[in-house]
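Chain residues, written in single-letter form:
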Amino acid sequence: MADLPKIEIRFDQCVDQDICDSALFTVSGRPMPVEVWTTDAIESILARVLGKTELGAPEREAILRYAGEGLILECLKEHGHIDSPLYLTSDYLFRRPGMERQVLRRAGLLP
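So, here is what we can say about the structure in this document. (Residues numbered from 1 in each chain as written. Predicted model: local features only at pLDDT ≥ 70, side-chain atom pairs only at ≥ 80, totals over all residues. Heavy atoms only, no water.)

## Concerning helix α4 (residues 99-106)
Then, in step 1: Those residues of α4 that fall on the buried side of the exposure criterion are Met99, Val103 and Leu104. Projected down its long axis, α4 shows its buried positions confined to an angular sector of 135 degrees, all on one face.
Then, in step 2: In the stretch just after α4, Gly108 is the one whose phi turns positive, near 80 degrees. (Buried < 20%, exposed > 50% of the residue type's maximum accessible area, 1.4 Å probe, protein only. Helix = DSSP H or I, 4+ residues; strand = E, 2+ residues; numbered from the N terminus. Arc of directions from axis to C-beta.)

Next comes the structure, spelled out in structure tokens:
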């Protein structure tokens, strides 16, 4: 895994505010924004943990803000580049037991 120079990642906005199933991030040193998508499978798992059948746009945005930044950093560390769009998938998000709760906690959706 390569050491990264100081990289700034900033959440810009959801692509569609009413749905927020994808978001744009500015990454320092990159001329174009990086788009990060959530997936139906991930949403279903996270909604279940929250005791819901589906997530709303504010919940998706909170998850994308936190997990999107982590996914971008991981891609840079592992591969040295980003192929936009990126997708939140189970191999990234649920690599360790209990990761779904950690993501929801860090996104401010669980105490």
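Having seen the structure, we can now continue with the description.
## A few points about the packing of aromatic side chains
Then, in step 1: Tallied over the entire structure, the rule returns 2 aromatic pairs.
Then, in step 2: Look at Phe11 and Phe25: their rings are 5.5 Å apart centre to centre, the planes differ by 85 degrees, and that puts the pair in the edge-to-face class. Here Phe11 is found in strand β1 (residues 9-14), whereas its partner Phe25 is found in strand β2 (residues 22-27), with 14 residues between them in sequence. For the pair Phe11 and Phe25, a shared accessibility class is recorded, and that class is buried. (Phe/Tyr/Trp six-rings, centres within 6.5 Å; stacked < 30°, edge-to-face > 60°.)

## Side note on the pairing of strand β3 (residues 34-37)
Then, in step 1: Residue alternation in β3 divides its side chains into a buried set, Val34 and Val36, and an unburied set, Glu35 and Trp37.
Then, in step 2: Hairpin connection of β2 to β3: 6 residues between the antiparallel strands, including Gly29 at a positive phi of 85 degrees. (Pairing = 2+ DSSP bridges.)

## A look at helix α2 (residues 57-79)
Then, in step 1: Along its length, α2 reaches its greatest deviation from straightness, about 30 degrees, at Leu64.
Then, in step 2: Count one or two residues on from α2 and you reach Gly80, which has phi positive near 80 degrees. (Bend = angle between axes of the 7 residues up to and from the residue.)

## Some thoughts on the environment of Glu61
Then, in step 1: Residue placement: Glu61 occurs in helix α2.
Then, in step 2: On a C-alpha basis, the gap between Glu61 and His81 in space is 24 Å, while along the polypeptide they are 20 residues apart.
Then, in step 3: Excluding its chain neighbours within four sequence positions, the residues that come into contact with Glu61 are Phe11, Cys14, Gln17 and Cys20. (Contact = heavy atoms within 4.5 Å.)

Geometric descriptors of this kind do not, in isolation, establish any biological role.
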